[in-house]
Amino acid sequence: GEEISGSPYFCDIQPGEVDVSNSTASGMGLLAVGTFRESSFTIYSYDRFGNQLTKGGDHWHVTISGDEMPEVTIQDNNNGTYTVRYQTKERGNLLVWIGIKGREIPDCPFEVVSDVKVRRAIAQERAAERQAKIEAHRERKAAIEAEKDDRRKQREKEALEKPQENDGGDEVSGRGARVPKRGEKLFD
């Protein structure tokens, strides 16, 4: 019941370090791109708790391979997002890898179609598939966290239910105590 002097206290909580398993990327540059046109996509940095980062400074790497390996530029937007730009000169399929700290984000590599005419239907279909994969990944991660929490609660419950001993070594709870057989003396 007593009030703490100077309360309530206010604190500023910031997201933690970037976590590649929670970070995402999206944009047309990960779906279907037109040849001889600049293509782009955005990387979104998240911490291990799923909080989007609000500052930049992370060193993301992007590799694009296929029939050609276009030059890639990564712009730090200083808000936890990074804009990636590239341009293809040949038709074909590309693979895009996005990573940091030696690990790739979920769903890498991204399969990208490079063509003279970007096929909007293909891009929309791939965007829907990608979004479904991202949602499924987040649901799996939430289920794993819930399972870990349930196991932790079960261990705590079992620890509370475990019989405790007093100084004399006799069980206090009575559970698991030895019951004397008929006619047996407990005390001499």
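Criteria and cut-off values
Residues numbered from 1 in each chain as written. Predicted model: local features only at pLDDT ≥ 70, side-chain atom pairs only at ≥ 80, totals over all residues. Heavy atoms only, no water. Helix = DSSP H or I, 4+ residues; strand = E, 2+ residues; numbered from the N terminus. Contact = heavy atoms within 4.5 Å. Areas by Shrake-Rupley, 256 points an atom, 1.4 Å probe, with all protein chains shown as cover. Buried < 20%, exposed > 50% of the residue type's maximum accessible area, 1.4 Å probe, protein only. Lys, Arg positive; Asp, Glu negative; His and termini not counted. Salt bridge = Lys/Arg side-chain N within 4 Å of Asp/Glu carboxyl O. Polar contact = N/O pair within 3.5 Å; in protein donor to acceptor, adjacent residues only side chain to side chain. pLDDT = per-residue confidence, 0-100. Core = buried A, V, L, I, M, F, W, Y, C linked by side-chain atoms within 4.5 Å. Pairing = 2+ DSSP bridges. Axes fitted to C-alpha atoms, helices over the stretch in contact; angles between N-to-C directions. Phe/Tyr/Trp six-rings, centres within 6.5 Å; stacked < 30°, edge-to-face > 60°. Lys NZ or Arg CZ within 6 Å of the ring centre and 35° of its normal.

With respect to the overall build of the protein chain
- Helices and strands together make up the secondary structure of the protein chain, namely one helix and nine strands.
- Reading the protein chain from its N end, one meets helices and strands in the order β-β-β-β-β-β-β-β-β-α.
- In the protein chain, once contacts between residues fewer than 6 apart in sequence are set aside, the share between residues at least 24 apart is 59%.
- If you sum the accessible surface of the protein chain, you get close to 13600 Å²; carbon and sulfur atoms cover 49% of it.

What about the side chain of Asp47?
- Secondary-structure assignment places Asp47 in the loop between strand 3 (38-44) and strand 4 (61-66).
- In this structure Asp47 is buried but unpaired, with Arg48 as the nearest side chain of opposite charge at 7.3 Å.
- Of the polar contacts made by the side chain of Asp47, one reaches the backbone nitrogen of Gly16; its length is 2.9 Å.
- For Asp47, the contacting residues outside a window of four places in its chain are Pro15, Gly16, Glu17, Asp19, Asn22 and Leu53.

Describing the side chain of Glu68
- Among the secondary structure elements, Glu68 is positioned in the loop between strand 4 and strand 5 (72-76).
- At 5.7 Å, Lys89 is the nearest oppositely charged side chain to Glu68, a buried residue that forms no salt bridge.
- A polar contact of 2.8 Å, which involves the side chain of Glu68, links it to the backbone nitrogen of Lys89.
- Within the structure, Glu68 has its side chain in polar contact with the backbone nitrogen of Glu90 (distance 2.8 Å).
- Other than its neighbours up to four places away in sequence, Glu68 contacts Gln87, Thr88, Lys89, Glu90 and Leu94.

Section: the confidence of the model for the protein chain
- Counting all residues, the mean pLDDT for the protein chain is 82, and 81% of those residues have values of 70 or more.
- Confidence, expressed as mean pLDDT per element, reaches its minimum in the protein chain at helix 1 (residues 120-161) with 80 and its maximum at strand 6 (residues 81-87) with 96.
- Confidence drops under a pLDDT of 50 for residues 166-174, and excluding neighbours within four residues, the segment shows 11 contacts in the predicted structure.

Topic: the nonpolar core
- Among the nonpolar cores identified, the biggest contains 21 residues, and Phe41, Ile43, Trp60, Val62, Val96 and Ile98 are the most heavily contacted of them.
- Elements that contribute at least two residues to this core include exactly strand 3, strand 4, strand 6, strand 7 (92-100) and strand 9 (110-115).
- For this core, the element with the most residues is strand 7, which contributes four residues.
- Leaving out residues up to four positions away in the same chain, Trp60 has contacts with Val18, Val20, Ser23, Ile43, Ser45, Ile74, Tyr82, Ile98, Gly99, Ile100 and Ile105.

Some words on the sheet that holds strand 5
- Ordered in space as 1-3-6-5, the four strands form an open sheet in which the pairing is antiparallel. The outermost strands of the open sheet, each flanked by one partner alone, are strand 1 (24-26) and strand 5. Sheet twist, expressed as the average angle between the axes of neighbouring strands with direction ignored, equals 25°.
- Here five bridges tie strand 5 to strand 6, and the two strands are oriented antiparallel to one another. When the sheet's bridge partners are listed, Thr73 is paired in strand 6 with Arg85.

Notes on the packing of aromatic side chains
- Counting across every chain of the model gives two aromatic pairs.
- Aromatic side chains Phe41 and Tyr86 sit 6.5 Å apart centroid to centroid with 65° between the ring planes, which places their arrangement in the edge-to-face category. Here Phe41 is found in strand 3, whereas its partner Tyr86 is found in strand 6, with 45 residues between them in sequence.
- When its relative accessible area of 2% is taken as the criterion, Tyr86 is described as buried.
- Its guanidinium or amino end placed over the ring of Tyr46, Arg138 lies 5.5 Å from that ring's centre, counting from NZ or CZ.

Focus on the pattern of salt bridges
- In the structure shown here, the tally under the stated rule is eight salt bridges.
- One salt bridge in this structure joins Glu38 and Arg85, with 3.4 Å as the shortest N-O distance. In this pair, Glu38 sits in strand 3 while Arg85 sits in strand 6, placing the two residues 47 residues apart along the sequence.
- Since its relative accessible area comes to 56%, Glu38 is described here as exposed.
- Each member of the salt-bridge network shares a partner with another, and the members are Asp149, Arg152, Lys153 and Glu156.

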